[in-house]
Amino acid sequence: MKAFKTFDYRMSIALIIASFVFSIITLDERFLLGYFITGGWQIISMVVHQANGWFTQKGSNRIKYHIAVLLIVVTALLAFALPVILLPLLLILLFAAPIMALYYTHICYNELHVKMQRPASLLK
């Protein structure tokens, strides 16, 4: 688990930075690729965590985040049936997605560097 958590955390940081740099270099609509690549990786990570039961106890920040993402996905699917809410939802997600990516990375950091610490190291 620790190897995956370390890789997951580092991958999230690398993708966020790469997406930011790519958007500055291109300065066009291709910046959206970063949203899909970073978000895609984080969804894969969420599925791995959920499937293995890692840090998914009731009330944890991770499970709250998983529920929030599930609600966003359901709302997005509903938006295709009700086009009147599609554009407002996409505009909200345009600004919310980078914040969500940073928050997910923060959750990963806390799990890796706080929750997975050995008890003796917490006494320092």
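Quick caveat, the model's predicted, so the values are computed rather than measured.

Undergrad: Could you clarify how one ought to interpret the layout of surface pockets in this entry?
TA: Unfilled space is identified by rolling a water-sized probe across the atoms. Roughly 1000 Å³ of internal volume is contained in the largest pocket. Lining the largest pocket are 32 residues, with Tyr35, Phe36, Gly39, Leu93 and Ala97 positioned closest to its centre. Breaking the lining of the largest pocket down by element, the ones donating at least two residues are helix H1 (2–26), helix H2 (32–52), helix H3 (61–81) and helix H4 (86–115).

Undergrad: Help me understand the environment of Ile16 in this model?
TA: Along the chain, Ile16 falls in helix H1. Measuring from C-alpha to C-alpha, the distance between Ile16 and Gly34 comes to 7.6 Å, with 18 residues separating the pair along the chain. Ignoring anything within four residues of it in the chain, the contact list for Ile16 reads Thr38, Gln42, Ala101, Leu102 and Thr105.

Undergrad: Whenever I open this one, H2 confuses me. Can you help?
TA: For H2, with 21 residues, the first-to-last C-alpha span of 30 Å sits near the 30 Å given by 1.5 Å per residue. Buried residues belonging to H2 abut H1, H3 and H4. Following H2 by one or two positions, Gly53 adopts a phi angle in the positive range, close to 70°.

Conventions used here
- Residues numbered from 1 in each chain as written.
- Predicted model: local features only at pLDDT ≥ 70, side-chain atom pairs only at ≥ 80, totals over all residues.
- Heavy atoms only, no water.
- 1 Å grid on protein atoms, 1.4 Å probe; cavity = no way out; pocket = protein on both sides within 12 Å on 5 of 7 lines; lining within 4 Å.
- Points joined across faces, edges and corners; volume = space filled by probe spheres on them.
- Helix = DSSP H or I, 4+ residues; strand = E, 2+ residues; numbered from the N terminus.
- Contact = heavy atoms within 4.5 Å.
- Expected span 1.5 Å × (residues − 1).

The analysis is restricted to geometry; functional conclusions fall outside its scope.
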